[in-house]
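Listed below, chain by chain, are the residues.
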Amino acid sequence: MMRRLPYASLLALALLGGCAVGPDYQRPDANLPENYRTVPQAAAAQPSLGELDWQAVFADPPLQKLIEEALAAGPDALLAAARVREAEAMAGIARAPLFPQAQLSLNTSATARAPGDQYTSTFLGGAGISWEIDLWGRYRRANEAARADLLASEESLHGMRASLVGSVATYYYQLASLREIQAVTQRSADNQREVLRLVKRLSAAGISSAAEERQQESALGATEARLPALRRQIAETENALSILIGRHPGAIPFETPPSLVIPNLAPPGLPSALLERRPDIRRAEAGLVAANARVGEAKALFFPSLSLTAIFGGVSTSLSDVLNGRAPAVASVGPGLLQPLFAGGRIYFNREATLARLDQALITYRKTILGALGEVADSLTGFETTAEAMEIQARRVESSREAMRLADLRFRAGTTSFLEVLDAQRQLLSAETDQAQSLLDRRTALIRLYLALGGGWQETAR
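The residue numbers shown here count from 1 along each chain, following its written sequence. Local features are withheld for residues below a pLDDT of 70 in this predicted model, meaning they are given only at 70 or higher, and side-chain atom pairs are given and counted only at 80 or more; totals for whole chains, interfaces and linings count all residues. Calculation of side-chain values draws on the structure's entire complement of heavy atoms; hydrogens and water are dropped beforehand.

Caption draft 1: Geometry of the overall build of the protein chain. Strands are runs of DSSP state E lasting at least 2 residues, helices are runs of H or I lasting at least 4, and numbering of each runs from the N terminus. Across its full length, the protein chain carries 13 helices and four strands. Only protein chains enter the accessibility calculation, which uses a 1.4 Å probe; a residue whose area is less than 20% of its type maximum is buried, one above 50% is exposed, and one in between is partly exposed. Counting across all 462 residues of the protein chain, residues that qualify as buried make up 40%. Expressed as a percentage of contacts within the protein chain between residues at least 6 apart in sequence, the contacts between residues at least 24 apart total 82%. Every accessible area reported is derived by Shrake-Rupley at a probe size of 1.4 Å, with residue values counting cover from the shown protein chains alone. By element, 58% of the accessible surface of the protein chain is carried by carbon and sulfur atoms, the whole surface being about 24400 Å². Any two residues whose heavy atoms approach within 4.5 Å are treated as being in contact.

Set out below in structure tokens:
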């Protein structure tokens, strides 16, 4: 797992700008509610579902293996990790001006000559050291901003990992649902085929009509026509899941779980905890820290810069003497002071641009918090309603199966028409299909709620 800055770094970054111009970062007031909509205060105070590791939420061994493969070799995971490495390098670049810079140099210049003399050149070679004293904290603010950008990249990585866990789980449950619907459809087709054989025997005996035989053949054909589309959907889902985890498109065999233990109550925790757990909120705040630091960096450009330079080397009209160290030695040490006076408004407008970006970052931060609260509220409602839907679908399937059994008995006894059997067949297939879909909706609602609450983020110190 990639190393991540601890969340306390957001405050530590502000301390880096001590004795530097520009505002020091302070977290803005988010004005969060005490609890979520429809959630009692007592339930909100319980430990949140979002604090659990994904292994505790998605306990099916085949699913855990797929998630581990996606996190280790999935293209999205590798891309996000590479972006973090880039941000680490950029942070190193931003920190470099805080230290003295040393270099080797070799310069040449023409030497003034008297009339009739030949042109000559003077060569100066040696080592130089330069260091701009960060009096106003310009480079410290730049370093603060770069480290905040690094933190934002690491939070993007965590957000991607949480999203990847959710995506793999979603595809996994979609496959399980499609395979269940395929099994239900195949079972219904087999039952209809048995009924068709019965109808043919009754028709041959003169008990049933040819019309009833054709009706059952039509019903069987309609059911069998569903199977190719289901096989296509299964193949497409397997291909999408294969690509997500870094494999070539292909079949993904696994034992479909017969059921999934889903908690009836999923405590959301307190809304204030989202500031610490949601990767997108943490990323937005890191962007706010960076924008705040860049305001100080822009303000420092209004003040004079002080630099120290030193050159040690040799000077001669002979290049070979300079290269061989036989040239007369020279040394130069001294400070340099530069005060900007006029730059066509560049410094002023640069500061105005950073102030505008700071406003944008603040608006983005608050908008992200509102969006997170909305996602949690919607997910809680979805989690509750899918539980009700599953109970209704279970009762519907039970009633449809009993209706099918009674219709078959009545038809065999000759007390009802074959249309009642056909209608019962359709009702049972529809009920069992909808029951599989309701289970998928319930599982998907759990995934959405888990991600909305933070997706199991755990702070890890660097």
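Caption draft 2: Region of interest: helix α5 (residues 75-95). Here a helix's expected span is defined as the number of its residues, less one, multiplied by 1.5 Å. Counted at 1.5 Å a residue, the expected span for α5 with its 21 residues is 30 Å, and the 31 Å between its end C-alpha atoms agrees. Those residues of α5 not exposed but buried are A77, A80, A81, V84, A87, A91 and A94. The buried residues of α5 occupy one face: seen down the axis, they fall within an arc of 130 degrees. Turned more than 90 degrees off the buried face of α5, the exposed positions are E86 and I93. Packed against the buried residues of α5 are α4 (61-73) and α6 (138-204). This arc is taken over the directions from the axis of the helix to the C-beta atoms.

Caption draft 3: Just the confidence of the model for the protein chain, in detail. This prediction gives the protein chain a mean pLDDT of 84; 88% of its residues lie at or above 70. Averaged pLDDT values over the elements of the protein chain bottom out at 46 in helix α1 (residues 9-16) and peak at 94 in helix α8 (residues 226-244). Low pLDDT, under 50, characterises residues 1-7; the predicted model gives this stretch 31 contacts beyond four residues in sequence or across chains. For every residue, the predictor assigns a confidence score, pLDDT, that lies between 0 and 100. Confidence drops under a pLDDT of 50 for residues 10-18, and excluding neighbours within four residues, the segment shows 21 contacts in the predicted structure.

Caption draft 4: Structural context of the packing of α4 against α6. Taken N-terminus to C-terminus, the directions of α4 and α6 make an angle of 140 degrees; their axes are 10 Å apart at the nearest point. By the criterion of interaxial angle, the relationship of α4 to α6 is oblique. For the crossing formed where α4 meets α6, the hand is right-handed. On α6, the residues touching P62, L63, L66, I67, A70 and L71 of α4 are R161, L164, V165, V168, A169, Y172 and Y173. As a working rule, the residues Ala, Val, Leu, Ile, Met, Phe, Trp, Tyr, Cys and Pro are called nonpolar, Asp, Glu, Lys and Arg charged, and the rest polar, with Gly in that last group. Considering only residue class, the contact of α4 with α6 consists of twelve nonpolar, no polar and one charged. Where helices are involved, their axes are fitted lines through C-alpha atoms of the stretch in contact, as for all axes, and angles between N-to-C directions lie from 0 to 180°. By definition in this entry, angles of less than 35 degrees are roughly parallel, angles greater than 145 are roughly antiparallel, angles of 65 to 115 are roughly perpendicular, and the rest are oblique. Should the near helix be turned anticlockwise from the far one by less than a right angle, the crossing is left-handed, and should it be turned clockwise, the crossing is right-handed.

Caption draft 5: Broad picture of the nonpolar core. The term nonpolar core refers to a set of buried residues drawn from Ala, Val, Leu, Ile, Met, Phe, Trp, Tyr and Cys, joined through side-chain atoms within 4.5 Å. Of all hydrophobic cores here, the largest spans 65 residues; its most connected members are F58, L63, I67, L164, V168 and Y173. When residues in this core are grouped by element, the largest group, 14 residues, is from α6. Beyond its immediate sequence surroundings of up to four residues, L63 is in contact with F58, V168, A169, Y172 and Y173. One finds V195, L198, A407 and F411 within the second-largest nonpolar core, a separate group that totals 13 residues.

Caption draft 6: Region of interest: the pairing of strand β3 (residues 305-316). Two strands are said to pair when DSSP picks up at least two bridges between them. In the sheet, strand β2 (residues 120-133) pairs with β3 via eleven bridges, with the strands oriented antiparallel. Residue pairing for β3: G128 is matched across the bridge by I311. With ten bridges connecting them, β3 and strand β4 (residues 329-338) associate as antiparallel partners. By the bridge assignment, S307 is partnered in β4 with G336.

Caption draft 7: Layout of α4. Over its 13 residues, α4 extends 18 Å from the first C-alpha to the last, a length consistent with the 18 Å expected when each residue adds 1.5 Å. Those residues of α4 lying buried are L63, Q64, L66, I67, A70 and L71. Along the axis of α4, the buried positions cluster into a sector of 160 degrees, meaning they face one direction only. Exposed positions of α4 whose direction lies more than 90 degrees from the buried face are P61, K65 and A72. Each element contacted by the buried residues of α4 is listed here: α3 (54-57), α5, α6 and α8.

Caption draft 8: Layout of a nonpolar patch on the surface. Note that patches include only residues with greater than 30% relative accessible area and no salt bridge, and the join distances are 9 Å for like charges and 5 Å for nonpolar side chains (Val, Leu, Ile, Met, Phe, Trp, Tyr). The term salt bridge refers to a side-chain nitrogen of Lys or Arg lying within 4 Å of a carboxyl oxygen of Asp or Glu. On the surface, L135, W136, F302, F303, Y348 and F349 cluster together into a nonpolar patch covering about 570 Å² of accessible area. As for its position among the elements, Y348 is in helix α12 (residues 346-412).

Caption draft 9: Local environment of unusual backbone geometry. Although it is not a glycine, N31 sits at a positive phi angle of roughly 55 degrees. Tracing the sequence through the fold places N31 in the loop between α1 and α2 (41-44). For N31, a relative accessible area of 66% gives the class exposed.

Caption draft 10: The packing of α6 against α8, seen in detail. In contact at an axis separation of 10 Å, α6 and α8 are set at 160 degrees when each is read in the N-to-C sense. One element, α6, and the other, α8, form an angle in the roughly antiparallel class. For the element pair α6 and α8, the recorded crossing hand is left-handed. On α8, the residues that touch L164, S167, V168, Y171, Q174, L175, L178, R179, I181, Q182, T185 and Q186 of α6 are R226, L227, L230, R231, Q233, I234, T237, E238, A240, L241 and L244.

Caption draft 11: Seen up close, the pattern of salt bridges. Scanning the model with the defined rule gives 26 salt bridges in all. The shortest N-O distance in the salt bridge between E276 and R27 comes to 3.3 Å. Of the two residues, E276 is situated in helix α9 (residues 274-277) and R27 in the loop between α1 and α2; the sequence distance between them amounts to 249 residues. The shortest N-O distance in the salt bridge between E213 and R214 comes to 2.9 Å. Under the relative-accessibility criterion, E213 is labelled buried at 13%. According to the relative accessible area criterion, R214 is partly exposed, its value standing at 41%. Here the salt bridges do not stand alone but share partners, grouping D24, R141 and E144 into one network.

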